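# Coordinate analysis (summary)
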Amino acid sequence: MRVACLQLALSMMLVGANVAVAKLLAEALPIALVAFLRCVQAMAVLFPLARWMDGAVRLPRDVLRNLALQAVFGTAIYNAGLLAGLRLTTALEGGLVLATLPAVVAIGGAVLLRERLPARQWAAVALAAGGMAAITVARTAGGQGGSLVGNLLVFGGGLGEGAHVPPARRGAGRVPGVTASLWMQGFSALVLLPFAAPGFGAVAALGDASLAALLVFHSLTASVLCLLLWYAGLKRVPAGMAGVFTAFLPGTAALVAVTLLGEAFTATHAAGFVLMMGSVAVATWPRRGVRG
């Protein structure tokens, strides 16, 4: 169990660290190009992995349609919103905004799947809204380096991630995780290709070894390693308990933004962080008697 918990925590920490990496990439390369190259590099690794772990990668048409829908919302829209937002806002605030994901997913389930939200889910939504309000106050108070528009774009990407969950639930269990991810990355690359193509000339910038290394790290950790760690952890940890580990995402994003990017962490950010962590805890903490 300890190893599984470590796997889940490390998965979310890598996602959080990638907020800062995505910001650096978005500042150096066209947004659509970054997202497209991330998908292509991930596919190059996922294809042999899928053949090795899952066998055949051909899937029925209805499953492919479901995965294509997930790719549009959960990969293409999410990454476009995240990268576009991070061009304007700080990695610190972008990471805090992503802490709204559990609440966004809960609302998505209520709207798209007509699931009934219990009182604690509404409480999580309220806390997440309070956290968003806090960092908005930080913006209007003249906080350093962030952007309200940028935060809204990141939140829009989060809405895409939330919208991808209902089709993911409908298709759950029908296809192994690595194969599903391979097809999602492929569909995402197709969606992004028309937008990335005009910026192909910027690939020359990847002659800078440090920038190329950042892109490889971003692709292999965010789209491959995080997935493998998460699924490995879920084999031994109940799904309800696993959700608690999403708290590592904004925490790591904030730590990397402050220590490595030198971004300012104000008292208002601290208040927003506490509210966001409260939202994550309330939304994901396992209920009594629920063992996943």
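This write-up is about the structure you can find in this document. (Residues numbered from 1 in each chain as written. Predicted model: local features only at pLDDT ≥ 70, side-chain atom pairs only at ≥ 80, totals over all residues. Heavy atoms only, no water.)

Time to look at the packing of aromatic side chains. Two numbers describe a pair of aromatic rings. These are the distance of the centres and the angle of the planes. Overall, the coordinates contain 2 aromatic pairs when judged by the stated rule. Their ring planes at 40° and their centres at 5.8 Å tell us that Phe36 and Phe200 sit as a pair that is tilted. Placement of Phe36 in helix 2 (residues 31-53) and of Phe200 in the loop between helix 8 (177-196) and helix 9 (209-234) is noted, with a sequence separation of 164 residues between them. A relative accessible area of 13% means that Phe36 is categorised as buried. Phe200 sits in the partly exposed class, given a relative accessible area of 37%. Measuring from centroid to centroid gives 5.8 Å for Trp183 and Phe187, while their planes differ by 35°, and the two rings are tilted. Of this pair, Trp183 and Phe187 both sit in helix 8, separated by 4 residues, roughly a single helical turn. On the basis of relative accessible area, Trp183 is assigned to the partly exposed category, the value being 27%. (Phe/Tyr/Trp six-rings, centres within 6.5 Å; stacked < 30°, edge-to-face > 60°. Helix = DSSP H or I, 4+ residues; strand = E, 2+ residues; numbered from the N terminus. Buried < 20%, exposed > 50% of the residue type's maximum accessible area, 1.4 Å probe, protein only.)

What follows covers a nonpolar patch on the surface. A surface patch of nonpolar side chains, about 320 Å² in accessible area, is lined by Val72, Ile77, Val191 and Phe195. Those elements that provide at least two residues to the nonpolar patch are helix 3 (61-86) and helix 8. Its relative accessible area of 35% is what places Ile77 among the partly exposed residues. (Patch = residues over 30% accessible without salt bridge, like charges linked within 9 Å, V, L, I, M, F, W, Y side chains within 5 Å. Areas by Shrake-Rupley, 256 points an atom, 1.4 Å probe, with all protein chains shown as cover. Salt bridge = Lys/Arg side-chain N within 4 Å of Asp/Glu carboxyl O.)

This brings us to the packing of helix 2 against helix 3. Where helix 2 meets helix 3, the axes come as close as 9 Å, and the angle between the chain directions of the two elements is 135°. By the criterion of interaxial angle, the relationship of helix 2 to helix 3 is oblique. Helix-helix and strand crossings are classified by hand; for helix 2 and helix 3 the assignment is right-handed. Contacts between helix 2 and helix 3 involve Ile31, Val34, Ala35, Arg38 and Cys39 on the former and, on the latter, Thr75, Asn79, Ala80, Leu83 and Ala84. (Axes fitted to C-alpha atoms, helices over the stretch in contact; angles between N-to-C directions. Parallel < 35°, antiparallel > 145°, perpendicular 65-115°, else oblique. Left-handed = near helix turned anticlockwise from the far one by under 90°. Contact = heavy atoms within 4.5 Å.)

On to the nonpolar core, then. Counting 44 residues, the largest nonpolar core has Leu83 and Leu98 as the members making the most contacts within it. Top element by residues in this core is helix 2. It accounts for 8 residues. (Core = buried A, V, L, I, M, F, W, Y, C linked by side-chain atoms within 4.5 Å.)

The next point concerns helix 3. Think of an α-helix as 3.6 residues a turn; residues three or four steps apart then line up on the same face. Spanning 26 residues, helix 3 covers 36 Å between terminal C-alpha atoms, matching the ideal 38 Å at 1.5 Å per step. At Ala71, helix 3 shows its largest kink, close to 35°. (Expected span 1.5 Å × (residues − 1). Bend = angle between axes of the 7 residues up to and from the residue.)

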